Amino acid sequence: MATEHDRDAIDPYTAMESLRAALAAAGIVLPSLSVDTASPALQLVDLGRVRSDVAARLAQAIQTGVRA
């Protein structure tokens, strides 16, 4: 489980770009992927909404452990 220190150590913009790159390596694009600027203290990354086929591909990539 992440501690509060761990959460503070991760910049949400860096996390978002890392996620974007990993998804791109798996051939997946989340068009609405962004940092939630409405709650900066929470450092949230908004994954946004996706079509069902994209969600299924994302699930498959996670299940199979796609590597770049």
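Just so it is clear, the model here is predicted, and its values are computed rather than measured.

1. A few points about the overall build of the protein
Check the secondary structure of the protein and you find three helices and two strands. Sorting the 68 residues of the protein into buried and exposed places 13% on the buried side. In the protein, the share of contacts with a sequence separation of at least 24, taken over all contacts with a separation of at least 6, comes to 48%. Total accessible area on the protein is roughly 5,200 Å²; 57% of this is exposed by carbon and sulfur atoms.

2. Examining helix H2 (residues 12-25)
Taking 1.5 Å per residue as the helical rise, H2 with its 14 residues ought to reach 20 Å, and the 20 Å between its terminal C-alpha atoms agrees with that figure. Of the residues making up H2, those classed as buried are Pro12, Met16 and Leu23. Each buried residue of H2 sits inside an arc of 40° when the element is viewed along its axis, so together they form one side. Just beyond H2, the residue with positive phi is glycine 27, at close to 75°.

3. Brief notes about the environment of aspartate 36
Structurally, aspartate 36 can be placed in the loop between strand E1 (34-35) and strand E2 (45-46). Here aspartate 36 is in contact with Leu44 and Asp46, once residues within four sequence places are set aside.

4. As for the nonpolar core
Counting eight residues, the largest nonpolar core consists of Met16, Leu23, Ile28, Leu30, Leu33, Val35, Val54 and Ala61. For this core, the secondary structure elements donating two or more residues are H2 and helix H3 (52-64). For leucine 33, the residues in contact, after removing those within four places along its chain, are Met16, Leu19, Arg20, Val45, Asp46 and Leu47.

The rules behind the values
Counting starts from 1 at the beginning of each chain's written sequence and moves along it residue by residue. Reporting of local features is limited, given that this is a predicted model, to residues whose pLDDT is at least 70; pairs of side-chain atoms are given and counted only at 80 or more, and all residues count toward the totals for whole chains, interfaces and linings. Where side-chain values are given, they derive from all heavy atoms of the structure, hydrogens and water being excluded. Note on conventions: DSSP H or I runs of at least 4 residues are helices, E runs of at least 2 residues are strands, and numbering of each starts at the N terminus. Buried residues are those whose accessible area, probed at 1.4 Å on protein chains only, stays under 20% of the maximum for their type, while exposed residues exceed 50% and partly exposed ones sit between those limits. It only takes one pair of heavy atoms within 4.5 Å for two residues to be counted as in contact. Working definition of accessibility: Shrake-Rupley area with a 1.4 Å probe, residue cover restricted to the visible protein chains. The span expected for a helix works out to 1.5 Å for each residue beyond the first. Taking the helix axis as origin, the arc is that swept by the directions to the C-beta atoms. Take the buried residues of types Ala, Val, Leu, Ile, Met, Phe, Trp, Tyr and Cys, join any two whose side-chain atoms come within 4.5 Å, and each joined set is a nonpolar core.

Note that every value here comes from positions in space, so none of it alone points to a role or purpose.
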